[in-house]
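Per-entry structural report
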Amino acid sequence: MNCDRRNFIKGLAGSLLSLKMPTVFSGTLPDAFWSYDQSRRIATVVAESALHTARLYGCQFSDIRICWILKERIISRENRIEELGGSFESGMGIRVLFEGTWGFASSNLLDPNEAADKTKEAVELAKQSLKLNSRRVELEKLPQIQGQWHQDVLMDPFEVPLEEKTSFLLDLNDKAIKAGADFCRSFFLFHKELRIYASSVGSWIEQTFLRTYPKFIVTVVDKKEGKFESRSSFEPPKSGGLEIIEKKALESEVVEATHQAKEKLHAKPVVPGIKDLVLHPTNLWLTIHETIGHSTELDRVMGLESNYAGTSFLKVDQLGNFDFASPIVTIRADRNQPGGLASVGYDDDGIPSSWSNFLIIENGILKNFQMAIGQAHWIGKEKSNGCSYAQSYNFFPIQRMPNISLVPSEKKEQLKDLISGVEDGIYIMGDGSWSIDQQRYNFQFGGQLFYEIKNGEIRQMLRDVIYQGNTQSFWKSCDGICGKDEYKLCGTLFCGKGEPSQSAPVSHGAVPARFRNITILNSRLHT
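Here's a quick rundown of the structure.

1. Some remarks on unusual backbone geometry
- Cis geometry is adopted by the peptide bond preceding proline 500, which originates at glutamate 499 and carries an omega value of 10 degrees.
- Looking at where proline 500 falls in the secondary structure, it is placed in the loop between strand E25 (488-497) and strand E26 (502-510).
- Here the phi dihedral of arginine 440 falls at roughly 60 degrees; this positive angle occurs in a residue that is not glycine.
- Looking at where arginine 440 falls in the secondary structure, it is placed in the loop between strand E19 (434-436) and strand E20 (442-445).
- The class of arginine 440 is buried, set by a relative accessible area of 4%.
- The backbone of aspartate 464 shows a phi angle near 65 degrees, a positive value even though the residue is not glycine.
- For aspartate 464, the location among the structural elements is in the loop between strand E22 (457-463) and strand E23 (465-470).
- You can call aspartate 464 buried: its relative accessible area is 12%.

2. Quick look at the pattern of salt bridges
- The tally for this structure, following the rule as stated, stands at 32 salt bridges.
- A salt bridge links arginine 524 to aspartate 464, with the shortest nitrogen-to-oxygen separation between them at 2.9 Å. Separated by 60 residues along the polypeptide, arginine 524 in helix H11 (residues 523-526) and aspartate 464 in the loop between E22 and E23 bring together distant segments of the chain.
- Take arginine 524: its relative accessible area is 55%, and that puts it in the exposed class.
- Between aspartate 479 and arginine 516 there is a salt bridge, and its shortest N-O distance comes to 2.8 Å. Residue aspartate 479 is found in strand E24 (residues 478-481), and its partner arginine 516 is found in strand E27 (residues 513-522); the two are separated by 37 residues along the sequence.
- Note on aspartate 479: relative accessible area 34%, which makes it partly exposed.
- Through salt bridges that share partners, Glu229, Lys264, Arg463, Asp464 and Arg524 make up one connected network.

3. Side note on the pairing of E23
- The sheet contact formed by E20 and E23 spans four bridges and is antiparallel. Paired with phenylalanine 443 across the bridge in E23 is glycine 469.
- Taken together, the four bridges between E23 and E27 define a ladder with antiparallel strand orientation. Residue pairing for E27: glutamine 468 is matched across the bridge by threonine 519.

4. Brief notes about the pairing of strand E21 (residues 449-454)
- Most of E21 is tucked away, with five of its six residues classed as buried.
- By the bridge criterion, six bridges tie strand E18 (residues 424-429) to E21 in an arrangement that is antiparallel. Its bridge partner lying in E21, tyrosine 427 is registered against tyrosine 451.
- With four bridges joining them, E21 and E22 adopt antiparallel strand pairing. Pairing of phenylalanine 450 across the sheet is with leucine 462, part of E22.
- Counted along the chain from E21 to the antiparallel partner E22, the turn is two residues long, and its residue asparagine 455 has a positive phi close to 50 degrees.

5. Considering the side chain of glutamate 140
- Note on placement: glutamate 140 falls in the loop between helix H4 (112-130) and strand E5 (146-150).
- As a buried residue without a salt bridge, glutamate 140 has its nearest oppositely charged side chain in lysine 383, at a separation of 9.2 Å.
- Within polar-contact distance, the side chain of glutamate 140 engages the backbone nitrogen of serine 384 at 3.1 Å.
- Apart from residues no more than four positions distant in its own chain, glutamate 140 is found in contact with Ile373, Gly374, Glu382, Lys383 and Ser384.

6. Comments concerning the environment of serine 384
- Checked against the element boundaries, serine 384 lands in the loop between strand E14 (365-366) and strand E15 (388-389).
- A relative accessible area of 3% places serine 384 in the buried class.
- Separated by 28 residues in the primary sequence, serine 384 and serine 356 have C-alpha atoms spaced 8.7 Å apart.
- Contacts of serine 384, omitting those with residues within four sequence positions, involve Glu140, Ile351, Trp355, Met371, Ala372, Ile373 and Ala376.

7. Details of the packing of aromatic side chains
- Under the criterion given, the structure shown has 21 aromatic pairs.
- On the basis of an interplanar angle of 85 degrees and a centroid distance of 6.5 Å, the ring pair of phenylalanine 443 and tyrosine 467 is categorised as edge-to-face. Of this pair, phenylalanine 443 sits in strand E20 while tyrosine 467 sits in strand E23, placing them 24 residues apart in sequence.
- The buried category is assigned to phenylalanine 443, whose relative accessible area is 4%.
- Aromatic pair phenylalanine 474 and phenylalanine 515: ring centres 4.2 Å apart, planes at 15 degrees, arrangement stacked. Of the two residues, phenylalanine 474 sits in helix H10 (residues 471-476) while phenylalanine 515 sits in strand E27, which places them 41 residues apart along the sequence.
- Judged by relative accessible area, which is 2%, phenylalanine 474 ranks as buried.
- Given the relative accessible area of 0%, phenylalanine 515 is considered buried.
- Here arginine 95 stacks its cationic end above the ring of phenylalanine 396, 5.5 Å away from the centre of that ring.
- In this structure, arginine 211 packs its charged tip against the face of phenylalanine 209, placed 5.3 Å from the ring centre.

Parameters and conventions
- Residues numbered from 1 in each chain as written.
- Predicted model: local features only at pLDDT ≥ 70, side-chain atom pairs only at ≥ 80, totals over all residues.
- Heavy atoms only, no water.
- Helix = DSSP H or I, 4+ residues; strand = E, 2+ residues; numbered from the N terminus.
- Buried < 20%, exposed > 50% of the residue type's maximum accessible area, 1.4 Å probe, protein only.
- Salt bridge = Lys/Arg side-chain N within 4 Å of Asp/Glu carboxyl O.
- Pairing = 2+ DSSP bridges.
- Lys, Arg positive; Asp, Glu negative; His and termini not counted.
- Polar contact = N/O pair within 3.5 Å; in protein donor to acceptor, adjacent residues only side chain to side chain.
- Contact = heavy atoms within 4.5 Å.
- Phe/Tyr/Trp six-rings, centres within 6.5 Å; stacked < 30°, edge-to-face > 60°.
- Lys NZ or Arg CZ within 6 Å of the ring centre and 35° of its normal.

This is the structure in structure tokens:
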């Protein structure tokens, strides 16, 4: 779809059904699909059929995830809506453990007979895989849970008129254009889900999630020089409804971003060398994600996950004694941080989020790996730590990150304190391009805004900055971390892993942090 603003709003006043888009849903969903009680009744008969069939076939363990998922996306550019779409899907995914081997099958037909048939299919897959499986799955004793968890939501975007949401985006674009942007693209993504889990140990768990992602990208062009620069918003996706968006702050940011993009056009290219870095949380979250988040996934450490982005430089026998980072660095995992994209009541193994609250790094020392069920015994542990997630009903649950965050300093240091301790360095805001090797060790990261630091003060804007290093030396060079007042939660909806590939939502909290003697490259000279 592509129409200008006036005609689009006019069209909305008629009927949403007039929008001829194959993927769009016609306003609200049929109550029968989204009714909680109705969904619970359907799930009950479907789950009973699947779990009963698994018992008949002699499975050691079985579980089922039944999902109802509603999505909406609104994409705008300048004064027009470029895409308006949404989807609704529902279905079940059945996992069985037969003679120490997993089997899985799924269907979008929520029917007890279909559940029985798909369970048989999962058992047959396990039997066939058994011939190739040299490593039998050993499950720990799993808890029997009867629970509910529902995302706190003050303003459900699916209950807000479409016109209100599109008008907000178009107004945002308008402010950017008036501030001097040549282009502005903005969008909303919304994801709402009811997920019911049942297992052969007697667990029954009902959860609802809602995730919201607002974003804009402004672009300015220097036609005389043939150059352009862009700056995207720093507002991350979060769990929650439209209340997570500070409207006035986003409106101010789009104007500020336009001015900063214009300044970038004529910023001084960075001179490569060894410099100190001060990283804002909008940049540091991605470095945490790639260097610590992925390297401490136990399946990567064991070499069992390698096709998608490699394994890990860490070894099992380093647990508890590896000098990963400087003593001031502590990294915490959790699944209950307000607004966290990975915050849930229970993971997709039916494990309560209280098991997911653990330290990965404590005072610089490696303390824990992330685990799903069936992995704890690999390293002599008694149980997993609740790190399982499946993208949807038709994906096998795999080990995925909880929220992983840098713990703020107790000294209440502020950004200005970190800056004042730098003679020659760079302050970086926003995430940019990056690359990392197949063991999560050697890396380079860019950013969006770069400022020169000289003699303890922020000076002129720079451009084309890349910082390079290896995971251990980088984190060991950290000598300054701000207090909790400067904590900010960032993250992504699209962390990829697995084969077939799955996306997972995950947040990373951080405060500004300082790193000494880091290699700085100029992206235009070194790429």
